[in-house]
2 protein chains.
Amino acid sequence: MKRTTIKDLAQMLNISASTVSRALKDHPDISSSLKLKVKEAAETFNYIPNDFAINFRKNHSKVVGLIVPEISMFFIPSIINGISSVLNKEGYRFFILSSNESYETEKEHIETCINSRVDGILLSMTNETADSSHLNKVKEMKIPVVIFDKTIPQRQFASVVFDNVKNAELCAEKLINYGCRTILGIFGDENLDITQSRLAAFQNTIKKAENIELHTIFCKSTDSVKQQLNEVLKEHNFDGFFAMSDETLMGLHSSLIKKNLNNSGKKVIAISEGTLPKHLDENYEFIINNGFTMGVFAANELMNTIKGESPNTECYYI
Amino acid sequence: MKRTTIKDLAQMLNISASTVSRALKDHPDISSSLKLKVKEAAETFNYIPNDFAINFRKNHSKVVGLIVPEISMFFIPSIINGISSVLNKEGYRFFILSSNESYETEKEHIETCINSRVDGILLSMTNETADSSHLNKVKEMKIPVVIFDKTIPQRQFASVVFDNVKNAELCAEKLINYGCRTILGIFGDENLDITQSRLAAFQNTIKKAENIELHTIFCKSTDSVKQQLNEVLKEHNFDGFFAMSDETLMGLHSSLIKKNLNNSGKKVIAISEGTLPKHLDENYEFIINNGFTMGVFAANELMNTIKGESPNTECYYI
DNA sequence: TTGAAAGCGCTACCAC
DNA sequence: GTGGTAGCGCTTTCAA
């Protein structure tokens, strides 16, 4: 069970530990013949550097904490892929902490990150999170943080979010151009920033066209979409639908199928993460919010500030 | 940037570091008055224990490595949730490493886990992985490993997999009981263990009934299902479908919608992870492979052996 | 070109 | 009850 250490190697070769250390990392001071010998010994005795000791010594962990409001299938896999791709390349690992949409848990996770000495934090907030006071400590400690996707207005940390306004406008325009007259807009949790900005942009664009009747519903889950649609679909005859997310789209799709309303010429436009819904119905149209890209972007931003670039507090729209 | 250490606290209070350490963790030897003083000081000077030093000292990391073949939306989110729920409770973290279906990458990730001194490994194999020789080292080092879901026949480590035989049989029986006569079985990658066992069980059960015409296709992706279905749906008039996974089901669903074949009384039965497809079409039926449960089970098994239970090599079917 | 020694923060053993 | 000390494995001065 005991693993070979530098000291062990040093004893075997009758040289000092510092020399072994240097030889192992190709320090120019060491003669190439010694380097060879040391490396051979390391190989044969299966020497594995102890990352603990190294991190401890260098006072960094090469680990970043990823805190998300929930681990959903719609967004998380692609974001994880995006984050992985940049972090792994840089030799960093990350662990995932899910807040389960609880502010208290989010707070605890922040503490966890501080205690485990992460080099940085990637944070997407719960919908309970109303201010950033729980981040004061990380700010003080100068732990790099970048907030992504679910965020609140703040000027302390860099953030990267989807361009809700542009995307919702694009969707509205599509519906208008198709000549839709009675439109249903399906939105997520009414309390969310993201919902409000998409709602406003969508409504404003629709208003510019004339004679369009716009109905809106707010749903916190896929099932809630289905329930509300059950009623509202009876009362109106929509010729166009807008879903602000994959989650709401799933509910719409389900209801449409159930009422045999698919393939009926009705237009469906959604803001989507993109990996899932393309298989739902080929007639649906999407404005893509790419989670992978967001993950890459957020992780890169974090890497930059970890590596010493002065931390900025900008909000990037992608 | 310098953080308060135990030594700092000791100096301030004019006591020794060891006393501070003990006071902080409520050692019975320490007087309660001193404990109070120490804890107060710790509070006011914002003392945060350095997990690095602790881990380094105790020679454990409280971290486990999770290696998966890919980060897909179908399975991974629920498995992560299952794993989180047990690991977090135990004060463990985990980091996710995706092999991207490459054996070489899987091998590297194993190395990564060894180097970063994880306390255990949770592994789901790529479809390229044919033997477990890359696990010899972890075996030697006595690093606890449990393999889940995607695995190969081996007798070195504990594993937990879905009961493919039972589930495929159940699906076949359902189709038979519905009186289906022309059935299409949609299977995943033909080289996978999981595919073969589901295939065999499904075929055998169907064979027992008489006069059933069974067609099968093998598809490595959702898109491949759609392509193949494009042809095969023209040639035959199926009254029953079996999809062995969420991924294949997505393709089937998409094709059915496109050809306006949903709501046509055809039966669709699938083995599913369960979170996604319930929203696809309420008429579909599922045998649920619960990723959350599997995650919980696998993580528990790992925890047990990390905590010193003698490692077993059993294969659990759930 | 190599070695000796200190020290990262913490805990555990042994004294007293 | 409390303090002193050693040591986990590694890197990094500083000295030779």
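Provided above is the structure to which this section pertains.
Source: prediction; values computed, not measured. (Residues numbered from 1 in each chain as written. Chains lettered and ligands numbered in written order. Predicted model: local features only at pLDDT ≥ 70, side-chain atom pairs only at ≥ 80, totals over all residues. Heavy atoms only, no water.)

1. Digging into unusual backbone geometry
All names here are of chain A. A positive phi is found at Glu-101, a non-glycine position, where the angle reads about 60°. With respect to the element layout, Glu-101 can be found in the loop between β2 (93-98) and α6 (103-115). Within the chain, Asn-211 stands out as a residue other than glycine whose phi angle is a positive 65°. Note on placement: Asn-211 falls in the loop between α9 (193-208) and β7 (213-218). (Helix = DSSP H or I, 4+ residues; strand = E, 2+ residues; numbered from the N terminus.)

2. Looking at the interface of chain A and chain B
It is common to report an interface's size as the accessible area lost on association of the parts. Between chain A and chain B, the contact holds 52 residues from the first and 52 residues from the second. Of the roughly 5,300 Å² buried where chain A meets chain B, counting both sides, 60% is carbon and sulfur surface. Contact with chain B buries surface across chain A, with Phe52(A), Arg117(A) and His279(A) losing the most and accounting together for 15% of the total. Viewed at the interface, chain B and chain A are joined by two salt bridges. The closest approach of N and O atoms between Glu282(B) and Lys258(A), which form a salt bridge, is 3.2 Å. Classifying every residue of the side of chain A that touches chain B gives 20 nonpolar, 20 polar and twelve charged. (Contact = heavy atoms within 4.5 Å. Buried area = accessible area lost by both parts, 1.4 Å probe. Salt bridge = Lys/Arg side-chain N within 4 Å of Asp/Glu carboxyl O. Nonpolar A, V, L, I, M, F, W, Y, C, P; charged D, E, K, R; others polar.)

3. A word on the environment of Phe95(A)
Relative to the helices and strands, Phe95(A) resides in strand β2. By relative accessible area, Phe95(A) is classed as buried at 4%. Between the C-alpha atom of Phe95(A) and that of Leu276(A), which follows or precedes it by 181 residues, the distance is 25 Å. Leave out the neighbours within four places in its chain, and Phe95(A) touches Val63(A), Val64(A), Gly65(A), Leu66(A), Ser116(A), Val118(A), Arg93(B), Phe94(B) and Phe95(B). (Buried < 20%, exposed > 50% of the residue type's maximum accessible area, 1.4 Å probe, protein only.)

4. Description of the sheet that holds strand β7 (residues 213-218) of chain B
All names here are of chain B. Strand order in the open sheet made by the five strands is β7-β6-β8-β9-β10, with parallel pairing throughout. Every interior strand has two partners, whereas the edge strands, β7 and β10 (285-288), have only one. Mean inter-strand twist for the sheet, computed between neighbouring axes without regard to direction, equals 15°. Here six bridges tie strand β6 (residues 182-187) to β7, and the two strands are oriented parallel to one another. Looking at β7, one finds that Thr-182 is bridged to Glu-213. Sitting on the sheet, helix α11 (residues 246-258) is in contact with β6, β8 (240-243), β9 (267-272) and β10, with an inclination near 155° to β9. (Pairing = 2+ DSSP bridges. Axes fitted to C-alpha atoms, helices over the stretch in contact; angles between N-to-C directions.)

5. Things to note about the nonpolar core
Counting 54 residues, the largest nonpolar core has Ile80(A), Phe148(A), Ile80(B) and Phe148(B) as its most contacted members. With residues near it in sequence (within four places) discarded, Phe148(A) still touches Leu66(A), Val68(A), Phe75(A), Ile79(A), Leu122(A), Leu123(A), Ser124(A), Val160(A), Met294(A) and Ala298(A). Grouped together as the second largest cluster of nonpolar side chains are 44 residues, Val225(A), Leu233(A), Ile217(B) and Cys219(B) included. (Core = buried A, V, L, I, M, F, W, Y, C linked by side-chain atoms within 4.5 Å.)

6. Quick notes on the packing of aromatic side chains
For the coordinates displayed, the defined rule picks out 15 aromatic pairs over all chains. Pairing Phe187(A) with Phe202(A) gives two aromatic rings, centres 6.1 Å apart and planes at 70°, and the pair type is edge-to-face. Separated by 15 residues along the polypeptide, Phe187(A) in strand β6 (residues 182-187) and Phe202(A) in helix α9 bring together distant segments of the chain. On the accessibility criterion, Phe187(A) (0% relative accessible area) is buried. With 5.6 Å between their ring centres and 65° between their planes, Phe187(A) and Phe242(A) make a pair best called edge-to-face. Remark: Phe242(A) occurs in strand β8 (residues 240-243) and Phe187(A) occurs in strand β6; sequence separation between them is 55 residues. Above the face of the Phe157(B) ring, Lys139(B) is positioned so that its terminal group lies 5.0 Å from the ring centre. Seen from the ring of Tyr178(B), Lys267(B) lies directly overhead, with NZ or CZ sitting 4.3 Å from the centre. (Phe/Tyr/Trp six-rings, centres within 6.5 Å; stacked < 30°, edge-to-face > 60°. Lys NZ or Arg CZ within 6 Å of the ring centre and 35° of its normal.)

7. Side note on the protein's contact with DNA strand C
Around DNA strand C, a shell composed of 25 residues is seen, among which Thr19(A), Arg22(A), Ile6(B), Tyr47(B) and Arg57(B) lie nearest. Protein-adjacent atoms of DNA strand C, using a 4 Å cutoff, are sugar or phosphate at a proportion of 62%. At a separation of 3.2 Å, a sugar or linking oxygen of DNA strand C approaches a polar backbone atom of Asp29(A). With respect to DNA strand C, the side chain of Lys25(B) contributes an N or O atom lying 2.8 Å from a phosphate oxygen. Counting residues per element, the ones that place at least two in the surface near DNA strand C are α2 (17-24) and α4 (51-58) of chain A together with α1 (6-13), α2 (17-24) and α4 (51-58) of chain B. Grouping the amino acids of the surface near DNA strand C by side-chain chemistry returns ten nonpolar, eight polar and seven charged. (Near = heavy atom within 4 Å. Polar contact = N/O pair within 3.5 Å; in protein donor to acceptor, adjacent residues only side chain to side chain.)

8. Focus on the environment of Pro144(B)
Residue and element names in this part refer to chain B. Mapping Pro-144 onto the fold places it in the loop between α7 (136-140) and β4 (145-148). The spacing of Pro-144 and Phe-292 is 148 residues in sequence and 21 Å in space, taken between C-alpha atoms. Among all residues touching Pro-144, those that are not within four sequence positions of it are Asp-119, Gly-120, Ile-121, Leu-302, Thr-305 and Ile-306.

9. Let's talk about the pairing of strand β1 (residues 63-68) of chain A
Residue and element names in this part refer to chain A. Counting buried residues in β1 gives six out of six residues, a clear majority hidden from the surface. Bridge count between β1 and β2: six bridges; the pairing is parallel. Bridge pairing in β2 places Val-63 opposite Arg-93. A crossover connection joins β1 to the parallel β2 through helix α5 (residues 76-89); in handedness this β-α-β unit is right-handed. (Right-handed = clockwise from strand over helix to strand, strands pointing away.)

10. Comments concerning the packing of helix α10 (residues 222-235) of chain B against α11(B)
Residues and elements named next belong to chain B. Contact geometry of α10 with α11 gives a least axis separation of 8 Å together with a crossing angle of 45°. Between α10 and α11, the angle is such that the two are oblique. Crossing angle aside, the handedness with which α10 passes α11 is right-handed. Contacts between α10 and α11 involve Thr-222, Val-225, Lys-226, Leu-229 and Leu-233 from the first element and Glu-247, Thr-248, Met-250, Gly-251, Leu-252, Ser-254 and Ser-255 from the second. Here the residues of the contact of α10 with α11 are counted per class, giving five nonpolar, five polar and two charged. (Parallel < 35°, antiparallel > 145°, perpendicular 65-115°, else oblique. Left-handed = near helix turned anticlockwise from the far one by under 90°.)

11. Topic: the pattern of salt bridges
This model, assessed by the stated rule, comprises 18 salt bridges over all chains. In this structure, Lys307(B) engages Glu90(B) in a salt bridge whose closest nitrogen and oxygen atoms are separated by 2.5 Å. On the criterion of sequence distance, the pair formed by Lys307(B) in the loop between α12 (291-306) and β11 (315-317) and Glu90(B) in the loop between α5 (76-89) and β2 (93-98) is long-range, its members being 217 residues apart. What you see here is one network of salt bridges that share partners, running through Asp26(A), Lys35(A) and Lys39(A).

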